[in-house]
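# Descriptive analysis of the structure
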Amino acid sequence: MIRPDNRLADLPMTPVECQRCHATVQVRKSSWQQTSVQWDEAGARTCLERRSSPSGGSIRDTDFFTCAGLRESIAQAALSGEIPMVEGSAPRGGRGPAGAPAEERAVTQ
Amino acid sequence: MTTAPESGVRAIEAAAAPTRFARGWHCLGLADKFRDGKPHSIQAFGQKLVVFQSGDGKLNVLDAYCRHMGGDLSQGTVKGDEIACPFHDWRWGGDGRCKQIPYARRVPLRARTAAWPTLDQDGMLFVWNDPEGNPPREEEALPMIEGALDDEWTDWLWYETVVDTNVREVIDNNADMAHFFYVHLTFPTYFKNIFEGHIAAQYMNGKAREDARPRLPEGSPQLIGNTSVAAYYGPSFMTDELTYNYDRMDVRTTLINCHYPIDENSFVLQYGIIVKKQDGLDEKAAMEVANTQALYVRRGFEQDVQIWKNKARIDNPLLCEEDGPVYQLRRWYEQFYVDVADIEPAMVERFEYELDTTRPNEVWEKQVQDNLAAKAAAQGRTPVS
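Throughout, a residue's number is its position along its own chain's written sequence, starting from 1. Lettering of chains starts at A and numbering of ligands starts at 1, both following the order in which they are written. Per-residue local features of the predicted model are confined to residues with pLDDT of at least 70, and side-chain atom pairs are confined, for both listing and counting, to 80 or more; whole-chain, interface and lining totals are unaffected and use all residues. With hydrogens and water set aside, each side-chain value is computed from the structure's full complement of heavy atoms.

## Considering the overall build of chain A
Quick note on the threshold: Secondary structure elements are defined from DSSP: runs of H or I of at least 4 residues count as helices, runs of E of at least 2 residues count as strands, and each element is numbered from the N terminus. Only protein chains enter the area calculation, which uses a 1.4 Å probe; residues under 20% of their type maximum are buried, those over 50% are exposed, and those in between are partly exposed. Residue contacts are defined here by distance: any two heavy atoms, one from each residue, within 4.5 Å place the two residues in contact. Using the Shrake-Rupley algorithm and a 1.4 Å probe, accessible areas are obtained, with residue cover drawn only from the displayed protein chains.
Along the backbone of chain A there are 3 helices and 3 strands. When the helices and strands of chain A are listed from N to C terminus, the series reads β-β-β-α-α-α. Taking all 109 residues of chain A together, the buried fraction comes to 50%. A separation threshold of at least 6 residues defines the contact pool for chain A, and within that pool the share at least 24 residues apart is 45%. As displayed, chain A has an accessible area near 5,300 Å², and 52% of this comes from carbon and sulfur atoms.

Shown next as structure tokens:
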């Protein structure tokens, strides 16, 4: 029997659309450092980076470790407050107003 | 273990461990130990198996009990390409068919026993277990291991031990962040799980723990940290490419962590290590690294085993936000316990869990504050916080 994660009762996953290719995945952040991403078949089919990776998105050859476009879109959504975060982990005053423009806060590493 | 619901006490829920055994490749150990010309008795998947090398060099795995009168083939003798039963000398081939009955003119129809598909790869013997009786799935082929059986690397250093609990406990470890500190002896700075298809991967970068570094000879380079790329390929076989980063060199090791169930309440836990020899790391030094690493891995598992022996089976673990994706890992693991036709998309669709501590909280905070300030400035007022 598959049981749901008890933590999803406190905070479910939120859909996030990739700014680059519009693939949609489910995202949950428990903190600034932690990110969970649930893909489904439609998202996997839409993601450009995944489709163009040599293995076609398989983790077997570890060449689809992550999608950079999606990673950036998630970071932006987190900074703009579109992704709710678990209580207590958001920085003081950090629950940015939803819908704030994301362009100026690109996060890259 | 159960309490009245109105008390507010959380009850531990646990169904009995499944009596069905996982579909997939299972490693039975180093292949060489089965190449002594004798039959070997193995308790696995709730039954007794016989492993023997036939005259053609192939390793074979059959149900141990002779279909004639139930003799134990693992007490028999290898004769040519067949295993001969100690009871009446019936001869069974690696394909499960009775080839000859020395005292009979012909073999009866349907003289066929259960044979497990085998794979002899990288110095290890694998069997394919499938409750549906289908041949190995191509998409679940095991990866070749770089360095195995290669003179540039050490030989396998291999351990095995019996653990008296259900195999799920060892699987749970894969999503358990905290065990990196204890088992792999590092402070993780980056951690990621990816579960997809039949693979459950785990990527980790860590800083060395001062109290637990592989010892190299005097005057050797300093250990800075390590990177680990580990993955379960199917339900029981994990490879871990573990590289130790020194200030002047990288030491590459491969760790295998695998198991096979004896029955639903016990399993054989195995781990193997190879280390790449290189400049500054001759055969002896490489073996020393392997031995030291094996010692730490063994200690880590011994601690786990101590916990497993005494803990309760729990289907509804109460996780906090700092815990890893235990439920998602179990959801992935479930695919091996249902018929292939019943595998649900949720069991195999990609799930990622990432923890990145290389970008400190302060950086995020500052960026949020900057954003708020910029937004406030644009609106001609000061930010409220």
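## Digging into the interface of chain A and chain B
To be explicit about the condition: The term buried area refers to how much accessible surface (probe radius 1.4 Å) is lost by two components on association, counted for both of them together. The term salt bridge refers to a pairing of a side-chain nitrogen on Lys or Arg with a carboxyl oxygen on Asp or Glu at a separation within 4 Å. Pairs of N or O atoms are called polar contacts if they sit within 3.5 Å, as long as, within protein, a hydrogen donor faces a hydrogen acceptor (for residues adjacent in sequence, only side-chain-to-side-chain pairs). Polar here means any residue other than Ala, Val, Leu, Ile, Met, Phe, Trp, Tyr, Cys and Pro, which are nonpolar, and Asp, Glu, Lys and Arg, which are charged; Gly is therefore polar. Pairing between strands is defined by DSSP: at least two bridges between them are needed.
Facing the 45 residues of chain A at the interface are 52 residues of chain B. For the pair chain A and chain B, the two sides together bury roughly 4,300 Å², of which 50% comes from carbon and sulfur. At the boundary of chain A with chain B, the tally comes to 5 salt bridges. Between Arg 28 of chain A and Glu 321 of chain B there is a salt bridge, with the nearest N and O atoms lying 2.7 Å from each other. Here chain A is connected to chain B by 19 residue pairs in polar contact (both at pLDDT 80 or more). Here the side of chain A that touches chain B gets 5 residues from one element, more than from any other, and that element is strand β3 (residues 34-38) of chain A. A class-by-class count of the residues in the side of chain A that touches chain B yields 18 nonpolar, 15 polar and 12 charged. Relative to strand β19 (residues 351-356) of chain B, β3 of chain A runs antiparallel, the two sharing 5 bridges. When the sheet's bridge partners are listed, Gln 38 of chain A is paired in β19 of chain B with Phe 351 of chain B.

## Focus on the packing of aromatic side chains
The geometry of an aromatic ring pair comes down to the distance between the two centres and the angle between the two planes. Selection criterion: Any two rings among Phe, Tyr and Trp, with Trp reduced to its six-membered ring, count as a pair given centres within 6.5 Å; such a pair is stacked if its planes are under 30 degrees apart, edge-to-face if over 60, and tilted if neither. As a reminder, the over-ring test applies to NZ of lysine and CZ of arginine, requiring each to be within 6 Å of the ring centre and within 35 degrees of the ring normal.
Going through the model one piece at a time under the given rule, you end up with 13 aromatic pairs over all chains. With 6.2 Å between their ring centres and 55° between their planes, Phe 267 of chain B and Trp 308 of chain B make a pair best called tilted. Highlighted residues: Phe 267 of chain B in strand β18 (residues 266-275) and Trp 308 of chain B in helix α3 (residues 283-310), separated in sequence by 41 residues. Accessibility classification places Phe 267 of chain B together with Trp 308 of chain B in one group, the buried group. The interplanar angle of 65° and the centroid separation of 5.1 Å between the aromatic rings of Tyr 333 of chain B and Tyr 337 of chain B together place this pair among those described as edge-to-face. The exposure class assigned to Tyr 337 of chain B is buried, which follows from its relative accessible area of 14%. Feature note: the residues Trp 332, Tyr 333, Phe 336 and Tyr 337 of chain B constitute an aromatic cluster, connected by ring pairs. Sitting above the plane of the Trp 39 of chain A ring, Arg 50 of chain A keeps its charged end 5.7 Å from the centroid.

## Overview of the sheet that holds strand β4 (residues 59-63) of chain B
Residues and elements named next belong to chain B. Read across the sheet, 4 strands follow the order β2-β3-β4-β9 without closing on themselves; strand pairing throughout is antiparallel. Each edge of the open sheet carries a strand with a single partner, namely β2 (40-44) and β9 (115-116). Sheet analysis places strand β3 (residues 47-53) next to β4, joined by 5 bridges and oriented antiparallel. Residue pairing across strands places Val 51 opposite Val 61, the latter belonging to β4.

## Comments concerning the pattern of salt bridges
For the coordinates displayed, the defined rule picks out 29 salt bridges over all chains. One salt bridge in this structure joins Arg 168 of chain B and Asp 315 of chain B, with 2.9 Å as the shortest N-O distance. With Arg 168 of chain B in helix α1 (residues 168-172) and Asp 315 of chain B in the loop between α3 and α4 (326-333), this residue pair connects regions lying 147 residues apart in the sequence. Assigned by exposure class, Arg 168 of chain B and Asp 315 of chain B land together as buried. It is possible to trace a salt-bridge network through shared partners that takes in Arg 50 of chain A together with Lys 192, Glu 196, Arg 350 and Glu 352 of chain B.

## Things to note about the environment of His 198 of chain B
Summarising the element assignment, His 198 of chain B is placed in the loop between β13 (186-196) and β14 (199-208). Sequence spacing of His 198 of chain B and Glu 349 of chain B is 151 residues, and the spatial spacing of their C-alpha atoms is 9.8 Å.

## Section: α4 of chain B
By the criterion of burial, α4 of chain B is predominantly enclosed, with 8 of the 8 residues buried. Those residues of α4 of chain B that fall on the buried side of the exposure criterion are Val 326, Tyr 327, Gln 328, Leu 329, Arg 330, Arg 331, Trp 332 and Tyr 333 of chain B.

## Remarks on the sheet that holds strand β5 (residues 77-79) of chain B
All names here are of chain B. Basically, it comes down to this: Interaxial angles span 0 to 180 degrees and are taken between N-to-C directions of axes, which are lines fitted to C-alpha atoms, for helices over the stretch in contact.
Pairing within the open sheet is antiparallel, and its 4 strands lie in the order β5-β6-β7-β8. Bordering the open sheet on either side are β5 and β8 (98-100), each of which pairs with just one other strand. Strand-to-strand twist across the sheet, computed as the mean angle between neighbouring axes with direction ignored, equals 40°. One ladder, built from 3 bridges, connects strand β6 (residues 82-84) with strand β7 (residues 91-93); its direction is antiparallel. Bridge assignment links Glu 82 to a residue of β7, and that residue is Gly 93.

## Describing the environment of Met 13 of chain A
Take Met 13 of chain A: it is sitting in the segment before β1 (14-17). Sequence separation of Met 13 of chain A and Arg 28 of chain A is 15 residues, and the distance between their C-alpha atoms is 4.8 Å. The contact partners of Met 13 of chain A, leaving out residues within four places of it in the chain, are Leu 8, Gln 26, Val 27, Arg 28, Ser 36, Val 37 and Gln 38 of chain A together with Phe 351 of chain B.

## A few points about the nonpolar core
We apply this condition: Here, nonpolar core means buried Ala, Val, Leu, Ile, Met, Phe, Trp, Tyr and Cys residues that are tied together by side-chain atoms lying within 4.5 Å of each other.
Among the nonpolar cores identified, the biggest contains 48 residues, and Val 251, Val 275, Leu 281 and Trp 332 of chain B are the most heavily contacted of them. The dominant element in this core, judged by the number of residues it contributes, is α3 of chain B, at 9 residues.

## So, the environment of Ala 175 of chain B
Position of Ala 175 of chain B relative to the elements: it lies in the loop between α1 and α2 (179-182). Contacts of Ala 175 of chain B, omitting those with residues within four sequence positions, involve Asn 193, Gly 324, Pro 325, Val 326 and Leu 329 of chain B.

## Details of the side chain of Thr 14 of chain A
The topology assignment puts Thr 14 of chain A in strand β1. Not counting chain neighbours up to four residues away, the residues in contact with Thr 14 of chain A comprise Val 25, Gln 26, Val 27, Glu 82 and Pro 84 of chain A.

## Quick look at the side chain of Gln 121 of chain B
Residues and elements named next belong to chain B. Residue position: Gln 121 is located in strand β10 (residues 118-121). Overall, Gln 121 belongs to the buried group, its relative accessible area being 13%. A distance of 3.5 Å separates the side chain of Gln 121 from the backbone oxygen of Leu 142, its partner in a polar contact. Other than its neighbours up to four places away in sequence, Gln 121 contacts Phe 126, Leu 142, Pro 143 and Met 144.

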